Every structure is written in structure tokens, then in C-alpha cells.
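Report on the structure
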Amino acid sequence: MQLPKGENVMEKNECKKRAIEAIDDNRGKIYGLFESVAAEPELGFKEFKTSEKIKSYFQSLNYDYEEGVGITGVISTRKGRSSKLKVAVMGELDAVISPTHPQADKATGAVHACGHNAQLSALAGVATALHDADLMKELDGDVALMAVPAEEYIELEYRNQLRKEGKIGFLGGKQEFIRLGKFDDVDMMLMQHTAMTEENFKAGAGSDCNGFLGKLIRYEGKPAHAGGAPFDGINALNAAAIGLLAVHAQRETFRDEDHIRVHPIITKGGDVVNVVPADVRLEAYVRGANTPAILDANAKVSRALKAGGDAVGAKTEITDMPGYLPSILCDPLMDLAVENMRQLTDPGYVQKICAGFGGGSTDAGDVSQLMPVLHAFFGGATGGFHSGKFQIIDRDNAILMAAKCLTMVLIDLLWDGAKEGLKIKESYKPALTKAEYLEKWGGIQ
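The secondary structure content of the protein amounts to 13 helices and 15 strands. Taken over C-alpha atoms, the radius of gyration comes to 23 Å for the protein, in line with the 22 Å a tight globule of 445 residues would show. On the principal axes, the C-alpha backbone points of the protein span a range of 85 × 45 × 40 Å. Taken across its 445 residues, the protein has 57% of its residues classed as buried. Considering only contacts within the protein whose residues lie at least 6 apart along the sequence, 80% involve residues at least 24 apart. Carbon and sulfur atoms make up 50% of the accessible area of the protein, which totals about 18,000 Å². Computed over 50 positive and 61 negative side-chain charges, the inter-centroid distance for the protein is 2 Å.

Given below as C-alpha cells:
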């Protein structure tokens with residue numbers, strides 16, 4: 001590792017070296033959390049065991065924490081020698097559903113096939129560095145270590161029911177943290193995600209991500225004996241089939257530069273095979289690179305889905321729900337990340353912008369509408385995200401290097417009166433205030 005030289009940075013370099021050593025010295029403990037979380041994967045807003053694991057890790061460092069944030073979230077705030085700035089560092093608690101994965105939970109299909117257990121372990125690495133290297137006494141800002149639920153936007157009916165019951169206001173964990181005021185005193189957020197292992201790639205500072213709206217669709221028909229009297233029924237499955245074909249007919253109207261993606265699934269296709277399907281349900285995303293394009297495409301999709309019900313005389317119920325907003329990249333934070341990545345690995349293996357447009361989505365995009373966000377990527381995985389073959393094959397890169405880089409960026413931001421962090425904060429122009437966010441995005445029903 002090569003750190004910058006010069007009299008003015010020697011003390012900061014020493015802090016970074018101590019942080020790196022602390023993470024390396026605790027690799028067994030950090031990897032232990034990684035393996036434990038992988039062994040008991042849990043889905044969003046149900047991560048009770050995983051929440052206990054990160055709480056236990058914080059307890060091992062004698063860290064106080066707030067628990068039950070957004071049902072399962074945990075926050076531990078570390079105070080600096082002064083509080084000129086507050087930076088959040090995030091890790092995600094939840095798994096995804098991939099039943100064919102060898103580590104999938106047999107009852108739920110849940111598995112860490114997106115690397116959130118590596119991400120949470122990297123957060124633990126940051127927490128360890130702050131403690132063992134005794135960093136906070138040299139930093140002029142506070143750090144909020146946030147373990148966040150429900151990044152994977154799945155099980156929409158379940159989450160919408162939680163919303164109806166008033167237990168959540170949004171379907172994503174970071175969105176809930178915004179709603180609950182956990183970002184009200186935070187100035188910027190840092191996080192990272194595992195990336196695929198590729199030739200000449202170890203780390204990247206960021207990537208564009210689509211935003212999306214979530215949709216629940218229910219076709220209500222009329223049951224009848226499917227063999228004896230189908231003419232007395234109204235086939236809701238036929239309504240769904242026509243509606244989906246009508247959605248496909250919209251695709252040529254989507255502009256390439258808007259990166260529109262529409263991908264529905266049927267979650268219920270009827271009740272029994274010899275009864276005309278009268279209750280058919282779908283879930284869908286309408287993704288896009290910008291909010292106007294998402295809203296335009298969503299109107300077309302809703303119109304097409306309704307046409308399916310109209311065609312056969314079924315009732316169509318469509319519930320739109322706030323998905324995630326597109327990501328806004330923060331160049332100064334990305335530059336800091338790249339500088340530190342290049343100190344940790346071969347500079348030729350570091351990219352500022354990860355190759356290609358990221359068609360996926362994250363609720364980190366919502367946070368980026370309100371404040372500067374770093375959403376970095378660290379290689380180490382293989383097999384394809386959310387697939388039965390996903391594996392993390394390079395823990396040192398995916399976990400330890402990620403933890404080191406985030407800690408080094410924290411030091412840069414909060415060093416010397418938090419000069420660098422304050423400069424980034426002052427230059428950033430948020431797209432939305434919290435009030436605007438809650439009104440415009442939270443009001444989608």
C-alpha cells in the first residue's frame with residue numbers, strides 16, 4: 001500500500017495505517033459475522049436474527065445503539081472530538097429469494113445471493129477500525145453506523161400490508177430511515193456493494209442506477225365450473241394474459257436513453273384448476289433512468305393492464321407504490337474513494353464509473369436525492385446476482401478492502417476540522433428536501 005506523501009498528511013496517513021491494521025487483525029471476527037449471517041438468511045423487515053448479530057457485534061465493541069429502527073434496523077453513533085459534520089455508513093441486513101441456491105433457506109427460499117452479508121461485514125469492519133484504532137478522538141465529525149433492513153424490493157403484498165397497518169411508510173429500509181428522521185442530522189452517506197469478479201477490476205466508485213415504481217395488480221373475475229359451465233364465469237387469468245400482452249405492445253414506445261424496464265410476475269393464477277380463475281394477482285416494477293420517464297411509462301403500463309380486465313369484463317385493481325428513485329452521483333466523494341482504492345490495490349484495477357449503465361435499482365438512490373452519497377463497488381463475487389450460482393470467492397476484496405476504503409474516506413472527510421467533508425456538503429445541491437420527498441414520493445398510492 002502506498003499512501004500520499006507530504007508533511008501535512010503524515011498524521012492522517014498514520015490514522016489510515018492504524019485503521020487498516022485493525023481491520024486486518026480482526027479478519028477472523030469479521031468473517032465470522034459474514035458466515036453467520038449467510039447461514040441464517042432473512043427477508044426484508046423480517047431480519048430479526050441478523051439484527052441480533054450486528055447488535056452483538058456492536059456490543060463486543062462496547063458501542064451503544066438504537067434498535068428496532070424500521071422494524072429491524074440498528075444504528076450506533078460514534079462521536080468525534082467535535083461535531084462539525086455527520087456521516088452515515090450503511091450496510092444492509094436482508095437477503096433475496098433464490099430457491100435453487102445451495103444455501104437457500106428451505107422454508108423461505110431466502111439466500112444472500114446479492115452479497116449483503118459481505119456488505120454488513122464490511123460495516124462491522126468500519127466499526128472495528130473506529131474502535132481499535134481509536135480514530136474518533138482525531139476526527140472532527142460524528143459517524144452513524146447504520147444496519148438497514150429491506151433493500152431488496154420484494155414480497156410487495158406483505159410489505160403493502162405492513163404499510164396499511166402503519167408499521168412502515170415505505171417499502172424500502174433507507175426510505176423508512178428518511179421518513180423516521182434518521183437522516184435529519186446526517187450530512188452525507190457512504191456505502192458499498194459487492195461486484196462481480198472480472199479481469200482488471202477490483203473496485204469502482206459508483207454507477208448510474210435506475211429508479212422504479214412498484215405495482216400490485218389484481219384481476220377479479222367470476223368463478224364457475226371450468227369444465228361444466230365456463231360460460232358462466234369471468235376468467236381473470238385471461239384478463240392478466242391480455243394485460244401483459246398489452247404491456248409488451250408498449251415497449252417500442254420507450255426511448256432508449258430512458259432505460260425503461262417493465263418486468264411483472266404472476267403471484268397467484270387462480271385457486272384450483274377446475275374453477276374459472278377469479279382471483280389473479282401480479283407484482284411488477286416500472287424502471288427508468290429519470291422520474292418523468294418512469295411516470296410516463298407507468299401510465300402506459302397501467303392503461304395496458306386495465307385493458308386486459310376490460311377485454312373480458314373483469315375488475316382491475318392497480319396499486320402503485322413508491323419504489324426507488326434514480327441515483328445521483330457525487331463526483332467529489334467518488335474522487336476520494338478512487339484515491340483510496342488506488343492506495344489499496346493496483347490502480348489499473350480501479351474504475352471511477354463502473355462500466356455500463358446499471359439497470360438495477362437501490363434505495364440509496366433516494367438518499368442521494370437529499371444529500372451526497374457514495375455507493376462504491378468492490379469485486380469478489382461470481383455466478384450472477386440473485387442466481388443459484390452466486391458466490392463470494394474473494395472475501396479479502398469484497399469485505400476487508402471495502403471496509404478499509406470506507407474508513408479511509410471517513411478519515412479524509414472528517415480530518416482537520418472536517419474541511420473536506422464540509423466542502424463537499426456546501427457544493428452539493430440536493431434535488432429534493434425531505435418534505436418534498438415525502439410529499440411527492442411518499443404520496444404515491
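Still to come is the rest of the account.
This brings us to the sheet that holds strand 9 (residues 211-220). Strands sit in the order 10-11-9-12 across an open sheet of four strands; the sheet is antiparallel. Either end of the sheet is taken by a strand with one partner, and the two such strands are strand 10 (261-268) and strand 12 (315-322). In this sheet, neighbouring strand axes are inclined to one another by 20° on average, regardless of whether the strands run parallel or antiparallel. Taken together, the ten bridges between strand 9 and strand 11 (residues 279-288) define a ladder with antiparallel strand orientation. Among the inter-strand pairings, Phe212 is bridged to a residue of strand 11, identified as Arg287. Its contacts with the sheet put helix 5 (residues 156-164) on strand 9, strand 10, strand 11 and strand 12, and the angle it makes with strand 12 is roughly 75°. Sheet strands touched by helix 8 (residues 291-312): strand 9, strand 10, strand 11 and strand 12. Its angle to strand 9, the strand with the most contacts, is close to 10°.

Turning to the packing of helix 1 (residues 10-25) against helix 4 (residues 116-132), a few remarks are in order. Taken N-terminus to C-terminus, the directions of helix 1 and helix 4 make an angle of 120°; their axes are 8 Å apart at the nearest point. What the angle tells us is that helix 1 and helix 4 run oblique. Relative to helix 4, helix 1 is oriented so that their crossing is right-handed. Here Ala19, Ala22 and Ile23 of helix 1 lie close against helix 4, whose contacting residues are Gly125, Thr128, Ala129 and Asp132. For the contact of helix 1 with helix 4, a count of residues per class yields four nonpolar, two polar and one charged.

A separate point is a negative patch on the surface. Residues Glu14, Glu21, Asp25 and Asp132 make up a contiguous surface patch of negative charge. At three residues, helix 1 tops the list of elements feeding residues into the negative patch. Among the structural elements, Asp132 can be located in helix 4.

Here helix 11 (residues 395-414) contains 20 residues, and its C-alpha end-to-end distance of 28 Å stays within 8% of the 28 Å for a straight helix at 1.5 Å per residue. Met401 marks the point of greatest bend in helix 11, at about 30°. Within helix 11, 18 of the 20 residues are buried, which leaves the element mostly enclosed by the surrounding structure. The N-cap residue of helix 11 is Asp394: its side-chain oxygen and the backbone nitrogen of Asp396 are 3.4 Å apart. At the exit of helix 11 stands Asp416, carrying a positive phi of roughly 55°.

According to the stated counting rule, one finds zero disulfides in the structure shown. In this structure Cys15 is a free cysteine whose sulfur lies 16 Å from that of Cys405, the closest cysteine sulfur available. Cys15 gets classed as buried once you look at its relative accessible area, which sits at 1%.

For strand 2 (residues 73-78), a buried count of five out of six residues is recorded, marking the element as mostly surrounded by other parts of the structure. Bridge count for strand 1 (residues 66-69) against strand 2 is three bridges, and the pairing is antiparallel. Among the inter-strand pairings, Glu67 is bridged to a residue of strand 2, identified as Val74. Linking two consecutive strands that pair antiparallel, namely strand 1 and strand 2, is a turn of three residues; a positive phi of about 65° is found at Gly70 within it.

Attention shifts here to the environment of Phe377. With respect to the secondary-structure elements, Phe377 resides in strand 14 (residues 373-382). Taking the C-alpha atoms as reference points, Phe377 and Thr267, 110 residues apart in sequence, are found 32 Å from one another. Beyond its immediate chain neighbours, meaning those up to four positions away, Phe377 contacts His193, Thr194, Ala195, Phe201, Lys202, Ala203, Gly204, Gly206, Ser207, Met341 and Cys354.

Turning our eyes to something else, we now look at the packing of aromatic side chains. All told, the structure shown has eight aromatic pairs when counted by the stated rule. Arranged with centres 5.3 Å apart and planes meeting at 85°, the rings of Tyr153 and Tyr324 form a pair that is edge-to-face. A residue pair is termed long-range when its members are at least 10 positions apart, and Tyr153 in the loop between strand 6 (142-148) and helix 5 and Tyr324 in the loop between strand 12 and helix 9 (331-344) qualify at 171 residues. Tyr324 carries the same exposure label as Tyr153, and that label is buried. Counting every residue linked through ring pairs, the aromatic cluster contains Tyr153, Phe212, Tyr285 and Tyr324. Across the ring face of Tyr63, the terminal group of Arg78 is positioned such that the distance to the ring centre comes to 3.8 Å.

What follows concerns the pattern of salt bridges. A complete count under the given rule lists 41 salt bridges for this structure. For the salt bridge of Lys300 with Asp296, the shortest nitrogen-to-oxygen distance reads 3.5 Å. Here the residue Lys300 and the residue Asp296 both occupy positions in helix 8, the gap between them amounting to four residues, near one helical turn. For Lys300, a relative accessible area of 16% corresponds to the buried category. In this structure, Lys423 engages Glu420 in a salt bridge whose closest nitrogen and oxygen atoms are separated by 3.7 Å. With a gap of three residues between them, Lys423 and Glu420 both fall in helix 12 (residues 419-427), about one helical turn apart. Through salt bridges with shared partners, one network takes in Glu157, Arg218, Glu220, Lys268, Asp271, Asp279, Arg281, Lys315 and Glu317.

Each value, and the rule that gives it
- Residues numbered from 1 in each chain as written.
- Predicted model: local features only at pLDDT ≥ 70, side-chain atom pairs only at ≥ 80, totals over all residues.
- Heavy atoms only, no water.
- Helix = DSSP H or I, 4+ residues; strand = E, 2+ residues; numbered from the N terminus.
- Rg over C-alpha atoms; globule rule 2.2 N^0.38 Å.
- Buried < 20%, exposed > 50% of the residue type's maximum accessible area, 1.4 Å probe, protein only.
- Contact = heavy atoms within 4.5 Å.
- Areas by Shrake-Rupley, 256 points an atom, 1.4 Å probe, with all protein chains shown as cover.
- Lys, Arg positive; Asp, Glu negative; His and termini not counted.
- Charge placed at Lys NZ, Arg CZ, Asp CG, Glu CD.
- Pairing = 2+ DSSP bridges.
- Axes fitted to C-alpha atoms, helices over the stretch in contact; angles between N-to-C directions.
- Parallel < 35°, antiparallel > 145°, perpendicular 65-115°, else oblique.
- Left-handed = near helix turned anticlockwise from the far one by under 90°.
- Nonpolar A, V, L, I, M, F, W, Y, C, P; charged D, E, K, R; others polar.
- Patch = residues over 30% accessible without salt bridge, like charges linked within 9 Å, V, L, I, M, F, W, Y side chains within 5 Å.
- Salt bridge = Lys/Arg side-chain N within 4 Å of Asp/Glu carboxyl O.
- Expected span 1.5 Å × (residues − 1).
- Bend = angle between axes of the 7 residues up to and from the residue.
- Polar contact = N/O pair within 3.5 Å; in protein donor to acceptor, adjacent residues only side chain to side chain.
- Disulfide = S-S within 2.5 Å.
- Phe/Tyr/Trp six-rings, centres within 6.5 Å; stacked < 30°, edge-to-face > 60°.
- Lys NZ or Arg CZ within 6 Å of the ring centre and 35° of its normal.

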